[in-house]
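Observations on the three-dimensional arrangement
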Amino acid sequence: MLTYASGKELSEEQFSALKMEGDPSAGNDVSGFVAAFDRKVDHALQVLSKIEKSSLTEFRSVGRKKLPSSVIGLLFHAAEHTQRHVGQLLVTASVVKVRPN
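Figured I'd write up the structure that's included with this text. (Residues numbered from 1 in each chain as written. Predicted model: local features only at pLDDT ≥ 70, side-chain atom pairs only at ≥ 80, totals over all residues. Heavy atoms only, no water.)

1. Topic: the pairing of strand E1 (residues 59–62)
Each regular strand displays side chains that alternate between the two surfaces of the sheet. Of the two faces of E1, only one is covered, namely that formed by Arg 60 and Val 62; the face formed by Phe 59 and Ser 61 stays uncovered. Where E1 meets strand E2 (residues 67–70), four bridges bridge the pair, whose relative direction is antiparallel. Bridge assignment links Arg 60 to a residue of E2, and that residue is Ser 69. Hairpin connection from E1 to E2: four residues lie between these consecutive antiparallel strands, with Gly 63 at a positive phi of about 75°. (Buried < 20%, exposed > 50% of the residue type's maximum accessible area, 1.4 Å probe, protein only. Helix = DSSP H or I, 4+ residues; strand = E, 2+ residues; numbered from the N terminus. Pairing = 2+ DSSP bridges.)

In structure tokens form, the structure reads like this:
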């Protein structure tokens, strides 16, 4: 969403990362996830710091279908999506913590 909010299209690297997200053979582990999360937060803060208030209502197209949105719509969606995943993480962590070995 931040890429689209910046007026850009997804890169091949981003498409590759999306494909690998659901791949159990990708060798993901906790430390890898934490490092990736840290990088993404740093990147998001950089992107957000460069967005001008005056651009919030500007049109942005999303994806291959060029769905209509705006900068603020994409930022809101990114925040919503992040909140959902943090909630999933908290539930997963509580289940793993309670589960006996």
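2. Considerations on the nonpolar core
Nonpolar side chains tend to gather and get buried jointly when the protein is soluble and globular. Ranked by size, the top nonpolar core spans nine residues in total: Leu 2, Tyr 4, Ala 5, Val 47, Ile 51, Val 62, Val 71, Leu 74 and Leu 75. Elements supplying a minimum of two residues to this core: helix H1 (2–5) and helix H4 (71–98). Residue contacts for Val 62: discarding those within four places in its chain leaves Tyr 4, Leu 67, Ser 69 and Leu 74. (Core = buried A, V, L, I, M, F, W, Y, C linked by side-chain atoms within 4.5 Å. Contact = heavy atoms within 4.5 Å.)

3. Considering the side chain of Ser 55
Structurally, Ser 55 is set in the loop between helix H3 (30–50) and E1. In terms of polar contacts, Ser 55 uses its side chain to reach the backbone carbonyl oxygen of Glu 52, at 2.8 Å. (Polar contact = N/O pair within 3.5 Å; in protein donor to acceptor, adjacent residues only side chain to side chain.)

4. Things to note about the pattern of salt bridges
Under the criterion given, the structure shown has two salt bridges. Where Lys 66 meets Glu 9, a salt bridge forms, and the shortest distance between an N and an O atom there is 3.0 Å. Of the two residues, Lys 66 is situated in the loop between E1 and E2 and Glu 9 in the loop between H1 and helix H2 (12–21); the sequence distance between them amounts to 57 residues. Residue Glu 9 is classed as partly exposed on the basis of its relative accessible area, which comes to 42%. (Salt bridge = Lys/Arg side-chain N within 4 Å of Asp/Glu carboxyl O.)

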